[in-house]
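# Fold and geometry: a report
If you want the building blocks of each chain, they are given just below.
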Amino acid sequence: METLKILFLGTPDFALFSLRALVEAKREIVGVVTQPDKPKGRGYELLPPPVKVFAESRGIPVYQPATLRDEGFYELLKAIDPNLIVVVAYGKILPQNVLDYPKFGCINVHGSLLPEYRGAAPMQRAIIDGKKVTGITTMKMEAGLDTGEMYEKAELVIGEDDNFEVVHDRLGALGANLLLSTLAKLEAGTLIGKAQDDAKATYAKKIEKEDCRLDFSQSAQKLHNLIRGLSPIPLAFTTLPDGKLLKIVASKVSDCTKSGKPGEVLALDGGKITVACKEGALDLLTLIPEGKKRMSAQDLINGRRIKVGDLLGS
RNA sequence: CGCGGGGUAGAGCAGUCUGGUAGCUCGUCGGGCUCAUAACCCGGAGGUCAUGUGGUUCAAAUCCCAUCCCCGCAA
């Protein structure tokens, strides 16, 4: 069969795992399409996406079209003339004419076991929902949102205290391997697509600001799941009694048996800030107070910014 | 020039408004108590208060000016 000429579409670190694997597997990558540099951070500094930085360092042509839905991009596509498009966390919907272009179609690496968690934030949502297992699916792209035929899957166990960072990195690596496997099957002519059961589909909505607010009238376990799912980015938050933001990097379901009003600080022992929840209590371990650096709970306690009886999140 | 917080002992902070011999909670070191301890008691070391050999002043962590660095928000 003819050599795969791959056009890679991806943007953040998660995509980098797959792109790097393709490069290291000596795949022919005819180009990389990624989001335009965007003003980020303090002072609106223009920052290139991780994928761009890597691709440029390897001498791969990088394209950053504002949209894929105009003639300009289609002309570019014809000029590059890939016979396969691989998409990993690109961040934009591909129009039909692009989907139809490559002879071998468009393959997507998705961070969930489809049809569960279709959409934008599958990894975070799986953790937030307290899932014990998640995974990667490679799939054939079609017009719908993550609805195409599935090729291969790989599972990943989520540990009780695993956070988004851990799951993200493991799934990234898993996704890269699975992609290579899927490409090998494609070349061998043994790749088989399997339709998704739409009835079982769930959607992983994008994470919004309000999704990140801790509500201590929920169970400690749920709050712990939320904190994990949002750590280290964008981070769950609550507020200190003075109204300042307090972001929570790491927590643990507490074995403390005291009880109190939801949000009440029950204890400050052992380097932990123990907060009452509706059910059980939560130990806050690592935090970022507004305007401050990341610090341990003990550091926050030493600084006297918090005391037993304080009410968080009110 | 997007908005805001901050740089004081190894860590986290107070002190800055109302200039006048640098303090708290920890850690650390030594000693004590204890069957024992991350608990408790006593004692000690450790700071050019980001930088400028800057300005004002009898006197600056504190007021003024400039610069560097860190962080939160927003995007």
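Below you will find a few notes about this structure. All values reported here derive from a predicted model rather than from experimental measurement. (Residues numbered from 1 in each chain as written. Chains lettered and ligands numbered in written order. Predicted model: local features only at pLDDT ≥ 70, side-chain atom pairs only at ≥ 80, totals over all residues. Heavy atoms only, no water.)

### As for the packing of helix α1 (residues 13-24) against helix α6 (residues 164-188)
It is the contact of α1 with α6, at a shortest axis distance of 8 Å, that shows an interaxial angle of 35 degrees. Two packed elements cross with a definite hand, and for α1 against α6 that hand is right-handed. Across from Asp-13, Phe-14, Phe-17, Ser-18, Ala-21 and Leu-22 in α1, the residues of α6 making contact are His-168, Asp-169, Leu-171, Gly-172, Ala-173, Gly-175, Ala-176, Leu-179, Leu-180 and Leu-183. Considered class by class, the residues forming the contact of α1 with α6 number 10 nonpolar, 4 polar and 2 charged. (Axes fitted to C-alpha atoms, helices over the stretch in contact; angles between N-to-C directions. Helix = DSSP H or I, 4+ residues; strand = E, 2+ residues; numbered from the N terminus. Left-handed = near helix turned anticlockwise from the far one by under 90°. Contact = heavy atoms within 4.5 Å. Nonpolar A, V, L, I, M, F, W, Y, C, P; charged D, E, K, R; others polar.)

### Looking at unusual backbone geometry
Note that the residue after Leu-114, namely Pro-115, is joined by a cis bond; omega there is 10 degrees. The residue Pro-115 is located in the loop between β7 (106-110) and β8 (118-119) in this model. Not every positive phi belongs to a glycine, and Ala-89 is a case in point at roughly 45 degrees. With relative accessibility at 32%, the residue Ala-89 sits in the partly exposed group. Even without a glycine there, the phi angle at Arg-304 is positive, about 65 degrees. (Buried < 20%, exposed > 50% of the residue type's maximum accessible area, 1.4 Å probe, protein only.)

### Thoughts on the protein's contact with RNA strand B
Around RNA strand B sit 19 residues, and of these Lys-247, Lys-292, Lys-293, Asp-299 and Arg-304 come closest. Within 4 Å of the protein, atoms of RNA strand B come from sugar and phosphate in 58% of cases. With respect to RNA strand B, the side chain of Arg-42 contributes an N or O atom lying 2.7 Å from a base nitrogen. In this structure, a sugar or linking oxygen belonging to RNA strand B sits 2.5 Å away from a main-chain N or O atom of Asp-299. Elements with a contribution of two residues or more to the surface near RNA strand B: β3 (38-40) and α8 (297-302). Among the residues forming the surface near RNA strand B, the class breakdown is 4 nonpolar, 5 polar and 10 charged. (Near = heavy atom within 4 Å. Polar contact = N/O pair within 3.5 Å; in protein donor to acceptor, adjacent residues only side chain to side chain.)

### Considering the pattern of salt bridges
According to the stated counting rule, one finds 13 salt bridges in the structure shown. Ionic pairing is found between Arg-170 and Asp-162, a salt bridge with its closest N-O pair at 3.2 Å. With its nearest N and O atoms 3.8 Å apart, the salt bridge here joins Asp-283 to Lys-272. Note that Asp-283 is positioned in strand β16 (residues 281-289) and Lys-272 in the loop between β14 (265-267) and β15 (273-276), a separation of 11 residues in sequence. In this structure Lys-272 comes out as partly exposed when scored by relative accessible area, which is 26%. (Salt bridge = Lys/Arg side-chain N within 4 Å of Asp/Glu carboxyl O.)

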